[in-house]
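This is what each chain is made of:
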Amino acid sequence: MSTALVFEPAPASAATREVRAEVRAFLAKETPGGAFGPQHGAGTSRYDPDFSRRMGERGWIGMTWPKKYGGHERSHLERYAVLEECFVANAPLWFHFIADRQSGPVLLKYAAEPIKENLLPRIARGELCFCIGMSEPDSGSDLFAAKASAVRTNDGWRLNGRKLWTSHAHQADYMIGVFRTSPRTDVDRRFGLSQFLIDMGSPGITTRPVLHPNGGHEFNEVTFDDVELPTKNLLGEVDMASAQLTSELAFERSGPERFLETYGVLRELVALAAENPDARAAEAVGRLSAQLHVLRQMSLSVAARLEAGEEPLLEAAVVKEVGTVWEQALPAVARDVAALIEASDAARESFETALRATTLIAPKLTIQGGTIEILRGIIARGIGLR
Amino acid sequence: MPEGGNLIVEMAGRLFRDLADPQTVNAATDEGWRDELWAALEETELTRAWVGEAQGGVAASAQDIMALAQLCGRFALSVPLVETLLAGRLLSLAGLAPPPGAATIAPATLKAAATYSETAGLAGSVGGVPFLGAVAWLVVVAANGEGREVVCLVPADAFTFDPQASLGGDAQAKLQLDGVRPEAVGILPLTAPPGALMLAGAALRAGQMAGALEALVEITTAYAGERVAFGRPIGKFQAIQHALTRLAGEAAAAVTAAKACAWTLEPGGSPGDTPILPVAAAKIRVGEAAAVGAGIAHQTLGAMGFTGEHILHRFTHRLWDWRDDFGSEAEWALCLGREMLARAVDDYWPALVDQADPPVVESAAP
């Protein structure tokens, strides 16, 4: 009878408030140089190794990991506060963020001890960039159609095939990639995939840019041509990556980046409306504020459950579903509200810049990290329809 | 059910299952169930759950009261329990002991206002008062002309009103207060606009609506799993699955929003301690979820759900009613938007974050 969804409020804590204040002060110092800032809108200056090192120095990468591996043993809620402030400020996190969010936790769980001791402290110091090799030309939403192969050799594995739409592959030091090690079976179509740690400097790897429609370089095609890997670079169990991938997604799907990618246009709408607030604009800002507040509470609720050691996959999918639909619609809503606001040329220009940037990235928000259709399938299963 | 470990909610759950089952109530040919249910609510002191101990009540926590409101919504409860809780709370905040019997509160809309003075008594015209005509007492919150809110206890036979009915068929009335003399008057603690009743009322209505939305998820997914068309349960069709996923997401947002404003129901030290953001956001977001959710539920249940025989209307019609009580989405959005725009642009985000949680209480040195 009961619905499976659980969203309990996350507890507020002094530690979270403190770290949030520290991050705000840090970002305020970083911003005046003009390297980034909310006024630049989304999608600019997203990648800055020096910034990542400064984040690492402050202990804001690998925050929840064991100290033994360079982590800081802080809570998921403190990490949430750090990320949220960074995303709102449009800080350039992407050199370290994929490793912080996904690759690090995967290594912690599945990598051999020497790999953990070598790589995790360097990730936490902001020295390493990771990419995720999942999608392929014929395998996007249907991850289990992956064809790129890993074949056992005398002293390890040999990789062949292509990965596509791989974010930051051209900048990454390492990839965690999914490769076919056995054919899938009639009984289990998820069988036969394995996860590997791949040094992007390995001979046989070619990376080709796949540009965004506006010319931005984020995606790549990565070709593997007889790339040799040592045995220890297999992560977890051979042929059983599907289960490993599922638990990775609770971390990947529920964070504040799942509703804050277009925040820049809301900020500029607020700036525009604040000059001369009429009822239509005030009502719209009130609604958007309410919606954003509730998304934050949902995402925080999932962070609190991660902190409790749970894997709230279903709730994480709900956060991403509701969150990405909201952030995707935000530029169009803001545009409509802004149209009738009387404002100065300067505020108007600033708004238009953010509007253009967010309008252009909006389509990808319900595609990346699991399309909205896939998420709805997961939720449908969760509420008992499949 | 809301999370357990909570005696009040467990007790209410048992009572509602026994005496307020939506199916039974919907099929009832007379109103006898109401008296039986109300007697049980009084006997178990659930009606006094939010009255202070000094006034002879249970003084339950804000979280318990929110969970109770949510449970009322899950049953589409159509007796004035939430209204009686609010009345009891307001009276006891002003140091008055609530009398036994069902009560309601006024005003229940953001537009209406009442005034009180010792010389002229109450004044004002107040529409949409829930359950008026089905209660023994009315509790009016009025401005006293000296910058304070007063709470006024009025017996239900002390005034005249125009009976109306809500969309859900519950008693409702428009009330003319001019010249009405309260039986007791007390001063409420200072609360930020739009006032103690509007904030608490909106929070608890949001809780009821969140509960009703959870019920819609249950009713609709159960139906989609049973109803066969084109040779299979309609829940197997992707179009239906995606619609119900959206309903589940909206219900989740509503539950989150309501629970996240429960803390504001505890009295703050000063008016500034309780920002309007959590309550305003809850009423706005839950109202939006109600519109989407009720639409999806009706579409999924088809003609079956568009009959008096099915219980669906008990939930959807009340969801539509409750959207307007204690401030609609648009009204709260205007309040909240003006508030958020009244500060420097760089303070917008910090305000959104910092007002979401209770203010820090410095712990005393050991």
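Reading the values: the criteria
- Residues numbered from 1 in each chain as written.
- Chains lettered and ligands numbered in written order.
- Predicted model: local features only at pLDDT ≥ 70, side-chain atom pairs only at ≥ 80, totals over all residues.
- Helix = DSSP H or I, 4+ residues; strand = E, 2+ residues; numbered from the N terminus.
- Rg over C-alpha atoms; globule rule 2.2 N^0.38 Å.
- Contact = placed C-beta atoms within 7 Å.
- Buried ≥ 20, exposed ≤ 12 C-beta atoms within 10 Å, placed from the backbone.
- Pairing = 2+ DSSP bridges.
- Nonpolar A, V, L, I, M, F, W, Y, C, P; charged D, E, K, R; others polar.
- Axes fitted to C-alpha atoms, helices over the stretch in contact; angles between N-to-C directions.
- Expected span 1.5 Å × (residues − 1).
- Parallel < 35°, antiparallel > 145°, perpendicular 65-115°, else oblique.
- Left-handed = near helix turned anticlockwise from the far one by under 90°.
- Arc of directions from axis to C-beta.
- pLDDT = per-residue confidence, 0-100.
- Core = buried A, V, L, I, M, F, W, Y, C linked by C-beta atoms within 7 Å.

Moving on, we come to the overall build of chain B. Within chain B, the regular secondary structure consists of eleven helices and eleven strands. Against the globule reference of 21 Å for 366 residues, chain B gives a C-alpha radius of gyration of 21 Å, in line with a compact fold. Once the C-alpha set of chain B is aligned to its principal axes, its extents read approximately 70 × 55 × 45 Å. For chain B, contacts bridging at least 24 residues in sequence account for 73% of all contacts bridging at least 6.

A separate point is the overall build of chain A. Broken down by element type, chain A carries eleven helices and eight strands. Computed over C-alpha atoms, the radius of gyration of chain A comes to 21 Å, within 12% of the 21 Å expected from 2.2 N^0.38 for 386 residues, which places it in the range of a compact globule. For the C-alpha atoms alone, the extent of chain A along its principal axes is close to 70 × 50 × 45 Å. By residue count, 52% of the 386 residues in chain A fall in the buried class.

Both strand 3 (residues 156-164) of chain A and strand 7 (residues 219-230) of chain A contribute to a ladder of eight bridges, which runs antiparallel. Looking across to strand 7 of chain A, one finds that Arg162(A) is bridged to Thr223(A).

Counting residues at the interface gives 43 residues for chain A and 45 residues for chain B. The set of elements that each furnish at least two residues to the side of chain A that touches chain B consists of helix 1 (14-30), helix 7 (263-274), helix 8 (279-307), helix 9 (313-338) and helix 11 (372-382) of chain A. Take the side of chain A that touches chain B: its biggest share by element is 17 residues, from helix 8 of chain A. Its residues placed into classes, the side of chain A that touches chain B shows 26 nonpolar, nine polar and eight charged.

What follows covers the sheet that holds strand 8 (residues 171-176) of chain B. Sheets are built from strands that pair by backbone hydrogen bonding, the pairs being arranged parallel or antiparallel. All names here are of chain B. In space, the three strands of this open sheet follow the order 4-8-7, with antiparallel pairing throughout. In the strand order of this sheet, the two ends are held by strand 4 (125-130) and strand 7 (161-165), each with one partner. The sheet shows a mean angle of 20 degrees between the axes of neighbouring strands, direction not considered. Bridging between strand 7 and strand 8 involves five bridges; their strand directions are antiparallel. Within strand 8, the residue paired with Pro163 across the bridge is Ala173.

Residues and elements named next belong to chain A. With 17 residues, helix 10 (residues 345-361) ought to run about 24 Å at 1.5 Å a step, and its terminal C-alpha atoms sit 25 Å apart, in line with that. Those residues of helix 10 that sit buried are Ala347, Ser350, Phe351, Ala354, Leu355, Ala357, Thr358 and Ile361. Buried residues along helix 10 sit against helix 7 and helix 9.

For the rest of this paragraph, the subject is the packing of helix 9 of chain A against helix 11 of chain A. Residues and elements named next belong to chain A. Taken N-terminus to C-terminus, the directions of helix 9 and helix 11 make an angle of 140 degrees; their axes are 9 Å apart at the nearest point. If you check the angle between helix 9 and helix 11, you find them oblique. Here helix 9 and helix 11 pass one another in a crossing that is left-handed. From helix 9, Leu314, Ala317, Val318, Lys320, Glu321, Thr324 and Val325 reach across to helix 11, where they touch Ile372, Leu375, Arg376, Ile378, Ile379 and Gly382. Its residues assigned to classes, the contact of helix 9 with helix 11 shows eight nonpolar, two polar and three charged.

Residues and elements named next belong to chain A. The end-to-end C-alpha separation of helix 1 is 24 Å, in line with the 24 Å expected for 17 residues at 1.5 Å each. Every buried residue of helix 1 is accounted for by Thr16, Val19 and Val23. Each buried residue of helix 1 sits inside an arc of 70 degrees when the element is viewed along its axis, so together they form one side. Away from its buried face, by an angle of more than 90 degrees, helix 1 presents the exposed residues Ala14, Glu18, Ala25, Ala28 and Lys29. Residues of helix 1 that are buried in the fold lie against helix 3 (76-88).

Now for the confidence of the model for chain A. In the predicted model, chain A carries a mean pLDDT of 92, and 95% of its residues have values of at least 70. Every residue in residues 39-44 of chain A is under pLDDT 50, and counting partners more than four places away or in other chains gives 20 contacts.

Here we take up the packing of helix 6 (residues 196-226) of chain B against helix 7 (residues 238-260) of chain B. When two helices pack together, you describe them by how their axes are tilted relative to each other and by the distance separating the axes. Residues and elements named next belong to chain B. It is the contact of helix 6 with helix 7, at a shortest axis distance of 8 Å, that shows an interaxial angle of 160 degrees. Viewed along their axes, helix 6 and helix 7 adopt a mutual orientation that is roughly antiparallel. Read as a crossing pair, helix 6 and helix 7 show a hand that is left-handed. Along the contact surface, helix 6 presents Ala206, Gly207, Met209, Ala210, Leu213, Glu214, Leu216, Val217, Thr220, Thr221 and Ala224, while helix 7 presents Ile240, Leu244, Leu247, Ala248, Glu250, Ala251, Ala254, Val255, Ala257 and Ala258. Of the residues contributing to the contact of helix 6 with helix 7, the split by class is 16 nonpolar, three polar and two charged.

Here we take up the nonpolar core. Leu269(A), Leu90(B), Val139(B), Val140(B), Ala254(B) and Ala257(B) are the most contacted members of the largest nonpolar core, which has 247 residues in total. Of the residues forming this core, the biggest block, 19 residues, is contributed by helix 6 of chain B. Sequence-distant contacts of Ala257(B), that is, excluding residues within four places in its chain, are made with Val294(A), Gln297(A), Ala206(B), Ala281(B), Ala282(B), Arg285(B) and Val286(B).

Right, let's get into the environment of Val302(A). Residues and elements named next belong to chain A. Position of Val302 among the secondary structure elements: in helix 8. Sequence separation of Val302 and Trp94 is 208 residues, and the distance between their C-alpha atoms is 22 Å. In contact with Val302, other than residues within four places in its own chain, are Ser254, Pro312, Glu315, Ala316 and Val319.

This part covers the confidence of the model for chain B. Residues and elements named next belong to chain B. Across chain B, pLDDT averages 93, with 95% of residues at or above 70. Highest mean pLDDT in chain B belongs to helix 9 (residues 312-324) (98); lowest belongs to strand 7 (89). Scored by ipTM, the complex comes to 0.95, with pTM at 0.95.

What follows deals with the pairing of strand 4 (residues 174-180) of chain A. Residue and element names in this part refer to chain A. Counting buried residues in strand 4 gives seven out of seven residues, a clear majority hidden from the surface. Residues Tyr174, Ile176, Val178 and Arg180 point to one face of strand 4 and Met175, Gly177 and Phe179 to the other, with burial holding for every one of them. Taken together, the seven bridges between strand 4 and strand 5 (residues 193-199) define a ladder with antiparallel strand orientation. Counterpart to Met175 in the pairing with strand 5 is Ile198.

Further remarks concern unusual backbone geometry. In the segment running from Ala106(B) into Pro107(B), the intervening peptide bond is cis, with an omega of -5 degrees. You can see Pro107(B) is positioned in the loop between strand 1 (103-106) and strand 2 (115-117). Unlike most non-glycine residues, Glu73(A) shows phi in positive territory, near 50 degrees. The residue Glu73(A) is located in the loop between helix 2 (49-57) and helix 3 in this model. Owing to 11 C-beta atoms within 10 Å, Glu73(A) belongs among the exposed residues under this scheme. Of note in the backbone geometry, Phe326(B) takes a positive phi value of approximately 55 degrees without being a glycine. The buried category is assigned to Phe326(B), around which 29 C-beta atoms lie within 10 Å.

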